[in-house]
Amino acid sequence: MADMIVQSPDEVVAYLKAQHNLIEDMFDEVLHATDPRARETPFAALRQLLAVHETAEEMIVHPRVRQEADAGDAIVDARLKEEHEAKELLSRIEKLDITSDEFLAEVTALREAVLDHAQQEEDEEFPVLQRELDTDGLKRMATAVKAAEAIAPTHPHPGVESAKLNFALGPFASMLDRARDLIGQALG
């Protein structure tokens, strides 16, 4: 899915930074849609990218940062808390009327939280990966992240922020989410 959206760099830090930039652009597209109904398609794409992106980081990136950094547990625990809060907010937003002012206010709040979260990853996690892994290791991690995204759920699942839970529950949640997406598209 993400390969269709992002020109795919072959190393993990460049790949995830490119997704962070795309996520910012997608928030802007949702928030600046001239017709409130025109928010629906870009919001669905944004929601899906956020869900698969965070799942892949939880499965691949965060465990590696825990392993490699002296303060890895503290760094990752802070990111997981942010991800949980963002998933809860995104879950609430999914239930709102896309044409409402409340939807715009909540998406604006989510945008701020997600962009701050992305900056924290870029400042705290990505340097660890770049310092501890050689070019081949960074490329292998990108391949693993892309594989995780391919099987990741397409909707937020608050409470599933650990690698173990994502590996155990993620494929089942992904199957249900993708079926839900297809049924929703078919029904219009």
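What comes next is a walk through the structure. Since we're looking at a predicted model, the values are computed, not measured.

## Observations concerning the overall build of the protein
- Per the secondary structure count, the protein includes 7 helices and 0 strands.
- Moving toward the C terminus, one meets the helices and strands of the protein in the order α-α-α-α-α-α-α.
- The burial tally for the protein puts 46% of its 188 residues in the buried class.
- Considering only contacts in the protein between residues 6 or more positions apart, those separated by 24 or more positions represent 72%.
- About 9400 Å² of surface is accessible on the protein, with carbon and sulfur atoms providing 54% of the total.

## Considering the nonpolar core
- Ranked by size, the top nonpolar core spans 22 residues in total, and within it Val12, Leu16, Val61, Val65, Leu129, Met141 and Val145 carry the most contacts.
- For Val145, the residues in contact, after removing those within four places along its chain, are Val12, Tyr15, Leu16, Ala56, Ile60 and Val61.
- If you look at the next biggest cluster of nonpolar residues, it comprises 21 residues, including Ile23, Ala86, Leu90 and Ala152.

## Things to note about the packing of helix H2 (residues 12-31) against helix H5 (residues 101-132)
- Two elements in contact, H2 and H5, have axes whose closest approach is 10 Å; the angle formed by their N-to-C orientations is 170°. With respect to their mutual orientation, H2 and H5 come out roughly antiparallel.
- Here the contact of H2 with H5 is composed, by residue class, of 16 nonpolar, 3 polar and 6 charged.

## Here we look at the pattern of salt bridges
- Overall, the coordinates contain 13 salt bridges when judged by the stated rule.
- Arg111 serves as the salt-bridge partner of Asp28, at 3.1 Å between the closest nitrogen and oxygen. One end of the pair, Asp28, is in helix H2; the other, Arg111, is in helix H5, and 83 residues separate them in sequence.
- Since its relative accessible area comes to 24%, Asp28 is described here as partly exposed.

## Details of the environment of Arg37
- Tracing the chain through its elements places Arg37 in the loop between H2 and helix H3 (40-68).
- Taking relative accessible area as the criterion, Arg37 reaches 51% and is therefore assigned exposed.
- Between the C-alpha atoms of Arg37 and Ile98, which are 61 residues apart in sequence, the distance is 7.0 Å.

## A look at the packing of helix H4 (residues 72-94) against H5
- Between H4 and H5, whose axes approach to 10 Å, the crossing angle comes to 160°. Judged by the inter-axis angle, H4 sits roughly antiparallel to H5. Of the two possible hands of crossing, H4 and H5 adopt the one that is left-handed. Residues Ile75, Val76, Arg79, Glu82, Glu83, Ala86, Leu89, Leu90 and Ile93 of H4 lie in contact with H5, whose contacting residues are Phe103, Glu106, Val107, Ala109, Leu110, Val114, His117, Gln120, Glu121, Glu124 and Glu125.
- Taken together, the residues of the contact of H4 with H5 break down into 11 nonpolar, 2 polar and 7 charged.

## Some points on H4
- Here H4 is 23 residues long and its end C-alpha atoms lie 32 Å apart, about the 33 Å a rise of 1.5 Å per residue gives.
- Regarding H4, the residues found buried are Gly72, Ile75, Val76, Arg79, Leu80, Glu83, Ala86, Lys87, Leu89, Leu90, Ser91 and Ile93.
- Tucked into the core, H4 has its buried residues touching H3 and H5.

## Structural notes on the packing of aromatic side chains
- Counted under the stated rule, the structure contains 1 aromatic pair.
- Here the aromatic rings of Phe43 and Phe103 are separated by 5.1 Å at their centres, their planes lie at 75°, and the arrangement is edge-to-face. Of the two residues, Phe43 is situated in helix H3 and Phe103 in helix H5; the sequence distance between them amounts to 60 residues.
- Residue Phe103 is classed as buried on the basis of its relative accessible area of 1%.

Rules used throughout
- Residues numbered from 1 in each chain as written.
- Predicted model: local features only at pLDDT ≥ 70, side-chain atom pairs only at ≥ 80, totals over all residues.
- Heavy atoms only, no water.
- Helix = DSSP H or I, 4+ residues; strand = E, 2+ residues; numbered from the N terminus.
- Buried < 20%, exposed > 50% of the residue type's maximum accessible area, 1.4 Å probe, protein only.
- Contact = heavy atoms within 4.5 Å.
- Areas by Shrake-Rupley, 256 points an atom, 1.4 Å probe, with all protein chains shown as cover.
- Core = buried A, V, L, I, M, F, W, Y, C linked by side-chain atoms within 4.5 Å.
- Axes fitted to C-alpha atoms, helices over the stretch in contact; angles between N-to-C directions.
- Parallel < 35°, antiparallel > 145°, perpendicular 65-115°, else oblique.
- Nonpolar A, V, L, I, M, F, W, Y, C, P; charged D, E, K, R; others polar.
- Salt bridge = Lys/Arg side-chain N within 4 Å of Asp/Glu carboxyl O.
- Left-handed = near helix turned anticlockwise from the far one by under 90°.
- Expected span 1.5 Å × (residues − 1).
- Phe/Tyr/Trp six-rings, centres within 6.5 Å; stacked < 30°, edge-to-face > 60°.

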